[in-house]
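Each chain, written out:
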Amino acid sequence: MLCRALPKAARATALALMLAWAAGALAAGQGPPPREAACHGGQYREERALMVRRQISQRGVKAPRVLAAMGKVPRHCFVPARQRESAYADHPLPIGQGQTISQPYVVALMSEALKLTPQDKVLEIGTGSGYQAAVLAELAGEVYSIEIVEELGKRAAQALAGLGYGRVRLKIGDGYQGWPQAAPFDAIILTAAPPKIPQALVEQLAPGGRMILPLGPRFGVQELLLITKGRQGVISRQSLGQVRFVPMMKSD
Ligand SMILES: C[S@@+](CC[C@H](N)C(=O)[O-])C[C@H]1O[C@@H](n2cnc3c(N)ncnc32)[C@H](O)[C@@H]1O
């Protein structure tokens with residue numbers, strides 16, 4: 001499935017299932033606008049707690065602030081109304097425009113790897129539904145997020161504002177360029193996969209900063225990579241496993 005981690009043992013079977021699921025998800029395509037049905041953040045508390053315990057904590061994500069954020073943000077308010085019953089399931093979901101909201105475990109894993117503090121300024125590339133941005137807003141001091149598909153960016157802005165995350169700064173644009181006016185960032189997260197590490201984003205990372213991204217081919221298996229910029233600007237890379245994300249698009 002898209003935006004999903006692939007544990008080693010299950011990789012071959014999962015890959016076949018993923019491709020079948022992805023075809024369905026992409027065909028499901030266009031989601032209804034969020035105004036179609038009101039969303040209440042207080043619903044699905046039990047489902048959310050179970051998600052945190054079974055899908056996230058038991059798989060090794062332990063950072064208490066990340067677990068608390070995943071237990072707090074109402075994921076069901078970021079998916080199209082017809083997907084709400086599945087919002088806490090262990091897989092990505094279609095959000096319209098051929099895009100997906102990532103699997104909860106992947107959101108938690110990437111958020112934990114960034115080691116965010118309340119003083120940090122973080123940039124997300126690929127706002128999508130706005131869910132990851134809300135999780136980041138629980139963990140960092142300032143959140144910037146860029147989405148290339150205008151329709152998705154507008155919907156995410158509504159969802160975030162409606163849930164009290166209006167301080168997340170959103171921009172419709174091409175994430176390859178980053179957000180130079182707001183740089184440098186303590187952390188950068190890419191939720192779409194580029195074929196190469198975008199140099200502009202590395203440059204916008206502060207000394208001591210962390211960047212996480214799925215790196216690899218369009219609709220293939222990608223490597224989840226954690227990049228760290230040392231105090232002297234030296235870049236180091238660490239692989240966190242294999243994933244499948246939607247490709248990062250380029251603007252015309
Ligand atoms: C897996 S989805 C994002 C999931 C999102 N973080 C969430 O929480 O719902 C990837 C998103 O990246 C966006 N995207 C793809 N290429 C992009 C680019 N060059 N700049 C900004 N956003 C991009 C897609 O439109 C899509 O919404």
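Computed from a prediction, not measured in an experiment: that's the story for all the values here.

*Asks:* Is there a simple way to explain the pairing of strand β9 (residues 222–229) in this structure?
*Replies:* Look at any regular strand and the pattern is simple: side chains alternate between the two faces of the sheet. Summarising the sheet, strand β8 (residues 205–215) and β9 pair through 6 bridges and their orientation is antiparallel. Its bridge partner being in β9, Leu213 is matched across the sheet by Leu225. Sheet topology places β9 next to strand β10 (residues 235–244); 7 bridges connect them, and they run antiparallel. When the sheet's bridge partners are listed, Gln222 is paired in β10 with Val243. What sits between β9 and β10 in their antiparallel hairpin is a turn of 5 residues, with Gly233 showing a positive phi close to 90°.

*Asks:* What is the right way to read the environment of Ala183 from this model?
*Replies:* Secondary-structure assignment places Ala183 in the loop between β6 (169–172) and β7 (185–190). Counting along the chain gives 61 residues from Ala183 to Val122, while the straight-line C-alpha distance between them is 9.4 Å. Aside from chain neighbours lying at most four places away, what touches Ala183 is Gly178 and Gln204.

The rules we used
Residues numbered from 1 in each chain as written. Predicted model: local features only at pLDDT ≥ 70, side-chain atom pairs only at ≥ 80, totals over all residues. Pairing = 2+ DSSP bridges. Helix = DSSP H or I, 4+ residues; strand = E, 2+ residues; numbered from the N terminus. Contact = placed C-beta atoms within 7 Å.

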